[in-house]
Amino acid sequence: MIDDIGEPEECRLKDPMDLFHSGQVVKICAPMVRYSKLAFRTLVRKYSCDLCYTPMIVAADFVRSAKARDSEFTTNKGDHPLIVQFAAKESQVLCDAARIICPFADGIDLNCGCPQRWAISEGYGACLINKPELVKDMVRHVRNQIDNPKFSVSIKIRIHEDLKRTVDLCQKAEAAGVSWITVHGRSIEERHQPVHYDAIKIIKQSMSIPIVANGDIKTLKDAENVHHLTEADGIMVARGLLANPAMFAGYEETPFQCIQDWVDIALEHGTPFTCFHHHLMYMMERITSKQEKKVFNVLSSTSAVLDYLNDHYGL
């Protein structure tokens with residue numbers, strides 16, 4: 001679970017709420033299936049990312065199986081502040097997962113936004129926005145059972161067609177002690193439609209806790225615009241950071257130094273080849289020609305990728 005243990009974990013933990021009290025917009029790396037793992041979190045932290053989430057972990061599996069814990073979650077002393085995102089549908093299961101993770105992370109997030117069919121059919125993810133009492137109960141249970149007052153409990157949601165229902169959900173979560181709420185400004189049915197930033201602003205104006213805006217933010221300029229449109233306290237980015245992990249540091253496209261940093265970090269962490277290669281494909285999307293992509297995207301070993309980067313870019 002832990003990559004390098006020296007000092008006690010508790011000494012390294014941070015209070016994520018300090019970020020929201022800093023007066024600056026908090027720059028956040030979203031939970032992404034397969035992608036927002038330790039090596040990638042290490043990379044974006046080098047480039048002005050303030051707060052990182054793990055990929056979504058199914059709480060019941062995490063509680064039940066040591067094997068699941070070891071494969072789903074790794075961290076190290078530089079990996080803070082860190083939020084572990086769980087899929088859960090039962091209060092006690094979420095509490096048990098939070099208790100296990102508490103010594104190693106700075107907070108948990110309950111996924112109430114994943115629109116994938118498998119998640120919804122299992123009672124996870126976005127279907128929870130239609131169960132405000134359950135969400136409230138889960139937040140309250142974790143609050144009551146975790147002794148550390150600095151340990152954050154947040155939720156990530158999508159919006160309803162009727163925004164009054166979303167505001168009601170958020171207010172119930174706030175009453176239960178939620179630390180902040182991330183709002184992906186689309187409904188469960190919407191995929192590539194424009195994000196409803198106006199809805200995020202209404203939610204922000206209805207709450208007294210921090211609100212994080214999420215959806216279609218590809219550049220630092222986008223992040224600034226969305227902050228201006230929504231008045232959100234934080235900006236969460238997914239695909240924009242995959243394409244350009246240095247985005248929050250103000251780079252328009254991935255700098256070669258960032259690609260070099262990814263190679264160094266990924267090799268140091270023993271990142272599986274497919275993940276190592278996929279990240280590079282995303283990062284180099286905007287800076288390689290069609291012909292170069294054809295060659296690079298079918299490379300099938302770490303040594304082939306390293307040779308290619310050395311021959312073409314001197315990396």
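Remember, predicted model here, so these are calculated numbers, not experimental data.

As enumerated under the stated definition, the model contains 10 salt bridges in all. A salt bridge links D168 to K172; the nearest nitrogen and oxygen atoms lie 2.9 Å apart. Of this pair, D168 and K172 both sit in helix 8 (residues 163-176), four residues apart, roughly one helical turn. The salt bridge partner of K218 is D216, with a shortest N-O separation of 4.0 Å. The class of D216 is partly exposed, set by a relative accessible area of 31%. Among the ionic contacts, a cluster of salt bridges with common partners joins R41, R45 and D79.

Let us now look at helix 9 (residues 197-206). Each turn of an α-helix holds 3.6 residues, which means side chains three or four residues apart point in the same direction. Turning to helix 9, its buried residues number three or more, namely Y197, A199, I200, I203 and K204. Along the long axis of helix 9, the arc covered by the buried residues comes to 155°, so they all point the same way. Facing away from the buried side of helix 9 by more than 90 degrees, the exposed set consists of D198 and Q205. Against the buried residues of helix 9 lie helix 8, strand 7 (181-184), strand 8 (211-214) and helix 10 (220-230).

Moving on, we get to the pairing of strand 8. Here strand 8 shows a buried face lined by I211 and A213 and a second buried face lined by V212 and N214. For the segment spanning strand 7, helix 9 and strand 8, crossover handedness is right-handed. The pairing of strand 8 with strand 9 (residues 234-237) spans three bridges and is classified as parallel. Opposite N214, over in strand 9, you have M236 as the bridge partner. One crossover worth recording links strand 8 to the parallel strand 9 by way of helix 10, and it is right-handed.

F86, I155 and I181 are the most contacted members of the largest nonpolar core, which totals 95 residues. Shared between two domains, this core takes at least three residues from each, and those domains are domain 1 (16-249) and domain 2 (256-313). Ignoring any residue separated from it by four or fewer positions in sequence, one finds I155 in contact with D109, L110, C112, V135, V139, A173, V178, W180, I181 and T182. In this structure, V26, W180, V212 and M236 belong to the second largest nonpolar core, which totals 11 residues.

Inspection of the entire model under this criterion finds nine aromatic pairs. Ring geometry for F20 and W180: centres 4.9 Å apart, planes at 45°, overall tilted. Of the two residues, F20 sits in helix 1 (residues 17-20) while W180 sits in the loop between helix 8 and strand 7, which places them 160 residues apart along the sequence. Take F20: its relative accessible area is 10%, and that puts it in the buried class. Look at W180 and you get buried, because its relative accessible area is 0%. Between the aromatic rings of W118 and Y124, the centroid separation amounts to 6.5 Å while the plane-to-plane angle is 70°, which identifies the pairing as edge-to-face. By way of ring pairs, the aromatic residues F256, F296, Y308 and Y313 are connected into one cluster. Directly above the aromatic system of Y124 lies the positively charged group of K89, at a separation of 5.2 Å from the ring centroid.

Before going further, it helps to spend a moment on the UniProt feature "domain: DUS-like FMN-binding" (unreviewed entry) in the protein. Within this numbering scheme, the UniProt entry marks residues 29-292 as carrying the feature "domain: DUS-like FMN-binding" (unreviewed entry). Annotated as 46% helix and 14% strand, the span residues 29-292 places its first and last C-alpha atoms 29 Å apart.

Before going further, it helps to examine the packing of helix 9 against helix 10. Closest axis-to-axis distance for the helix 9/helix 10 pair is 8 Å, and the angle between their directions is 50°. The pairing of helix 9 with helix 10 is recorded here as oblique in orientation. For the pair helix 9 and helix 10, the contacting residues are Y197, I200, K201 and K204 in the first and V226, L229 and T230 in the second. Its residues assigned to classes, the contact of helix 9 with helix 10 comprises four nonpolar, one polar and two charged.

Scoring rules and cut-offs
- Residues numbered from 1 in each chain as written.
- Predicted model: local features only at pLDDT ≥ 70, side-chain atom pairs only at ≥ 80, totals over all residues.
- Heavy atoms only, no water.
- Salt bridge = Lys/Arg side-chain N within 4 Å of Asp/Glu carboxyl O.
- Helix = DSSP H or I, 4+ residues; strand = E, 2+ residues; numbered from the N terminus.
- Buried < 20%, exposed > 50% of the residue type's maximum accessible area, 1.4 Å probe, protein only.
- Arc of directions from axis to C-beta.
- Contact = heavy atoms within 4.5 Å.
- Right-handed = clockwise from strand over helix to strand, strands pointing away.
- Pairing = 2+ DSSP bridges.
- Core = buried A, V, L, I, M, F, W, Y, C linked by side-chain atoms within 4.5 Å.
- Domains from an automatic or database assignment.
- Phe/Tyr/Trp six-rings, centres within 6.5 Å; stacked < 30°, edge-to-face > 60°.
- Lys NZ or Arg CZ within 6 Å of the ring centre and 35° of its normal.
- UniProt positions renumbered as here; feature names shortened; annotations may be inferred.
- Axes fitted to C-alpha atoms, helices over the stretch in contact; angles between N-to-C directions.
- Parallel < 35°, antiparallel > 145°, perpendicular 65-115°, else oblique.
- Nonpolar A, V, L, I, M, F, W, Y, C, P; charged D, E, K, R; others polar.

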